[in-house]
Structures are given as C-alpha cells and as structure tokens.
Amino acid sequence: MEETCKNVYITTPIYYVNDVAHIGHAYTTIIADMLARYSRLTGHNTYFLTGTDEHGQKIAQSAQSRGKTPKEYADEVSGKFRKLWDDFDITYDKFIRTTDEQHKLGAQKAFEKMYEKGDIYKGEYEGFYCVSCETFFTEKQLIDEQFCPDCGKPTSIVKEESFFFKLSAYEDKLLKWYEENEDCILPRSKKNEIINFVKGGLRDLSISRTSFEWGVKLPESINEPKHVMYVWLDALINYISALGYGSDEKEFNFWPASIHLVGKDILRFHSIYWPAFLMSLELPLPKHIAAHGWWTRDGEKMSKSKGNVVDPKEVADAYGLDAFRYFILREVPFGQDGDFSQKALIDRINSDLGNDLGNLLNRISGMSGKYFDFKIDSVNVEKYHKKELDEVNSILENVEELIFNMQINRYLEEIWKVLTIANKAIGDYEPWTKMKEEKTDEAMALVALITNIMAKCAILLQSVMPEKISKIAQSLGINVNTELYKELIVNKGLLSTTTITKVEQLFPRIEEPILKGAPEVKKDKNEVEQKEEKEEDNLITIDKFFETTIKVGTIVDAVEVPKSKKLLKLQVDVGEEKNRQVLAGIKEFYKAEDLIGTQACVVANLKPAKLMGMLSEGMLLAAKDENGLCLIRPEKTKISGTKIS
C-alpha cells in the first residue's frame, strides 16, 4: 500500500444466508479484519465492509421448507453471521444486508443508469439453470448433459422473459484493464484463468427474473413490476450501495475499493461481471480483487455427512481466538487451499507462539527483573548491537508490501525471522556472563535490544493477534498506536526507557487435542518426537554405558528439509572415509548456515533410520529446557572422530 494513500476500503464478500458460517467465512473475514486493523494502525482512513446476501430463489425455497417467510429466514441467518463477527471482535465499519432499504435504492439506481445508457435491454432467456449456484450454464458446460459443473446438482431448463446486460460489449475493455493493471487480480495465477475465459468470448448476461419474487424490484421508471434483479447484480452492487450510492453518498469518497476479498469460487463474478458493471456506471474500478482457496479437514473435503465441518467458534473457544487467527493467516499461502487439523494448530501454538513469542517475553521479564529491577534503558543498544539492529530494520522495512500483495503468511514468516534474531542474540551474548564479568552496560544493552525487538514485532502483530498483543504491550510498558508505529517501524527508532511488567503465560503448552469427537492427533511418522520418561530405577552398569559410541563430529554441510518444521539435513565428518548424513530436529533453534564448520557430539553406533524418506546415520546430543535447545559440543576443537568417554 502506498504511503500516500489516505482512504482504504476493504470488503469481504457478502455471505449468502443459506447456511451457518464455517471456517471459509471466518478465513475471509479475519484476513479483512487484519488488513483493516493494519491500515488504521499505519494512519490510513479505513472503511471495512462485510454483510449478508439475502435474495434469490434458493433463499425463498429454504425459507419455505422451514415454514418461514424469506425475510424471517434471512433475519435469522444474517443475525448469526453478525453475532459471530461480533464475538470474534471483527472491526467492521458497516454490516450490510441486501434487504436494507439503502441497498435497494443503490441497486435500483445502478440498474436505471445502465438501462438509460443502453447497456440493458429486454429479451427472452432459455438455459440450464442451477438454483443452488444461482447461475445459468450452456449445455456444453453441464456434466452428463444435466448436472451443474460447479456443485454437481441437477439443473433445470428455464425459459422466461429477462433483461440482459451487454456483457459482450465490455470484452475488450476488460482485457485492456487486466493488461494495464498487473495486480488487479491476486494471486496473479488466478488472473490468467480469467483472461483466458474472457478471450473465449462473453455472452450477454441475464440480469432479471420473473419466476420468483424474492429480490430487489426494478426501478419504477422501467415499469416492469413482475421482474426482480438477478441475485448477482443485486449482490455486487452492495460494495457501492454501502457507501451511499443511490442515496446520501456520504461515504463515497472511499471508492474505489482498495481490495475485494473473495473465495476462488466467486472470482469470475467479481473479476468479470463487477468491473463491467462499474465501467457501465462510469465508476473507477477496484485496485485489487483477491481470491483465496478452500479449506479441507485433515486432508478431506468438509461435508455435513462426514461430520467434519470446522465450526470456527468452537475452535476459537477451545484454543483461543488469537491462536486461531494466527493459525489460519500463517498456515497457508493466500490463494492456495489449506488444511485444518488440530495437530497443525497445536504445533503452531506450541512452537511459534509458545516457544518463539511467549518464551521470548518471559526471558525479557526474567532478565530485566533479575538484573535491572525491571527498568530498561536503550542508551547503549546501537553501540553494542548495531549488527542486530541493522538486520532487524532491513527485514521490517520490506514487510508492508507483503501484506497488500496478499502474502500474509510470508509477512508473518519475516516477523518470526526477527524473533529468531532476538532469541539467538541471547545465546550469543549471554547476559548472565556479562553480569558475572561486571559488564553491566553490555548486559543492559542486550536486554534493551531484545525488548525493542519485541516491541517492534508487537506493533506489527497487533492486527493479527490484537488481544494477546495488548498483553505483550502491557508487559513492555507501551501503547501500540500510529505514533509508536511511526517511531519504531517507519523511523527505525528505539524505546528510550521503559519498565517491564510480568504478565500471565500467553500461550500455555497444549499436549492433547481439546475438541471432542475430532480426529485424533497422530504422531508424525516422518519426524522424531522425543518424550522424557522418568523411572524410579534407571541405573545402568558402566559396561552398558560403553555400548554407546559417542564421537566428535564436524558439520561440513547443513540444509533445511523441505516440508519439515523441525528437521535439518547435516553432513557430518566423524573421522570415517565418507561423511555421515544425520537428520536432526533442531531447525527451530539453529539456522542451517550457522552450523557449518561447527562441532557437535554424535551418537555414532545407532542403527540407521529413515526419516521423510531419507537415511539418518547418527544422532546429535543436545540439551533442552524452558529456555530452548542447545547442542552438546566439545569445549575446544577436536579432531573429527575423536571418541568421547
């Protein structure tokens, strides 16, 4: 997002009131909320829209089957969506309903203007209609000459009088817009699909119905009382009617939209129909239309019959709303399909949030309290830690562009790189040693460095985990606001002084799945899981001990194992003709490049084992406590292969 941008307009799709909210709805809405919170933090005037789509034949039929009027049914389901977003503390500025009078006026004005321009005409339509998708298809598009290509349900032949929008007249204009605006559709791979579809030729679009009444009536000036608007025309107009189009237009200075967030299943409507409608209305086009993927459950498509539909409220209540927000924003690259499992969520909570973020805050509290009565002064940070500060600032100055290019998972990955710098600095500089050596200024500089890194990360994570970050801010003695964002992030400044306050543990470790009746968390066969076991009688003889061969090994190469959160693949010289390949679960604590050339203690007579399809020919010795993991190394460099006894 450009620094000069003053108005930011963010929208979710309006959700169809045919079912309860699921994880896909929550995913879209949380992304939008994150973008809105970030935009406000960075000083932009922000307007965030969400709501419900309530017209169409499908809603009328669902209401009838429940013995309700369409409006009664829509009120009920729309109310559930709104309550969920309120429970999730979604910071929308407007919750629009297509049954709102203001919206109806906007839709009628748009229809009237396009009609007067000559882009709407009356004719007769005959085609294969899917009630579930509210969409017509050609015979060639059908599956087995009958079934909808999108949802698989039977279609019916519909023939009725209809008004048409001259979509075919906008084919070249749409292609020109795609060509001239590189990021108008995100991810860019989705844009190519749309371009190819448009190049295949566009047919004029039927935009009214006479076979049912539950919809927005055409303007009185058209004098066609038996027609109601096609649900997709009605629905898409919400993005401008919410700003007052057709009524007071008091918020219309927010148009054009900065970003429309949609699911990939409705991208075609938003990237073809909607821009064409806007061109006809002579309104500016949105800056970005971003389509995300779908979610599965434990590798399977979600369905009511399988009983594996993810209830976002249930997950948030069990694991915490902020942990749920972080998980769905971090777990999958935007645009790709994601998989929800309790195991993956628990891993994120324990590793990313517990070990990396929460534990770092605990270390700040512990060191500041033990050495400096919780009072931190940054006066010497640049003197002793310019290298680390430069690394941090270099990463953070490039993260904002990732957000508005919809690379939110990468945005979070970059922030975690900064947290790694902080955790590594503690091990590298050992403040406890500095205090023993009476180098108080250096110890204070280190603790202040870590405090400032945490403050910078807290600012940038506020939009992701607002409730937990408020507690981190409380602990650091800061207020996360636009002023602090400009001081610490934009201007790369430091806190002058601050006082640390202890807070409760933010992310307690989770050992077992919390949700009942959910698939069991299975152990990952590809990764080593170490479990401490305490036994009353674990004494062994010295002969038993000498059955284990431990050697000094020199790590000559190290790389990350793709798709593994824990494993590094090491080539270790243990004094033999060729190096040993060792897979070590230390990726969370060591960078591969930092291990090259260092030494470690290797159990050299273990039976080789396969991990993730690769052979591991030994094991590194390490020690782990609440402060992290460290390898067991010889005090001084030894010849590779030297036995330890």
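Residues numbered from 1 in each chain as written. Predicted model: local features only at pLDDT ≥ 70, side-chain atom pairs only at ≥ 80, totals over all residues. Heavy atoms only, no water.

K.L.:
I keep staring at the environment of Tyr371 and nothing clicks. Help me out?
P.N.:
Relative to the assigned elements, Tyr371 resides in helix 12 (residues 342–372). Along the sequence, Tyr371 and Val447 sit 76 residues apart, while their C-alpha atoms lie 9.5 Å from each other. Non-local contacts of Tyr371, meaning those with residues more than four positions away in its chain, are made with Pro431, Trp432 and Met435. (Helix = DSSP H or I, 4+ residues; strand = E, 2+ residues; numbered from the N terminus. Contact = heavy atoms within 4.5 Å.)

K.L.:
Would you mind going over the pattern of salt bridges with me for this structure?
P.N.:
It is possible for side chains bearing opposite charge to pair when their charged atoms get close. Taken as a whole, this structure holds 42 salt bridges when the rule is applied. Arg297 is the salt-bridge partner of Asp298, the closest N and O atoms lying 3.4 Å from each other. A relative accessible area of 8% means that Arg297 is categorised as buried. Two residues, Glu414 and Lys417, come together in a salt bridge whose shortest N-O distance is 2.9 Å. Of the two residues, Glu414 and Lys417 both sit in helix 15 (residues 408–429), 3 residues apart, roughly one turn of that helix. Each of the salt bridges in this network shares a partner with another, and the network as a whole consists of Asp33, Arg37, Asp89 and Arg325. (Salt bridge = Lys/Arg side-chain N within 4 Å of Asp/Glu carboxyl O. Buried < 20%, exposed > 50% of the residue type's maximum accessible area, 1.4 Å probe, protein only.)

K.L.:
Where do I start with empty space enclosed by the protein in this structure?
P.N.:
Think of a ball as big as a water molecule: rolled over the atoms, this probe shows where empty space is left. This model, assessed by the stated rule, comprises 2 cavities of 30 Å³ or more. Along its surface, the largest cavity is lined by Tyr27, Ile31, Ile328, Leu329, Val332, Phe334, Met406, Ile408 and Asn409. Only helix 1 (23–41), helix 11 (321–330) and helix 15 provide two or more residues apiece to the lining of the largest cavity. Its residues placed into classes, the lining of the largest cavity shows 8 nonpolar, 1 polar and no charged. There is about 30 Å³ of room inside the second largest cavity. (1 Å grid on protein atoms, 1.4 Å probe; cavity = no way out; pocket = protein on both sides within 12 Å on 5 of 7 lines; lining within 4 Å. Points joined across faces, edges and corners; volume = space filled by probe spheres on them. Nonpolar A, V, L, I, M, F, W, Y, C, P; charged D, E, K, R; others polar.)

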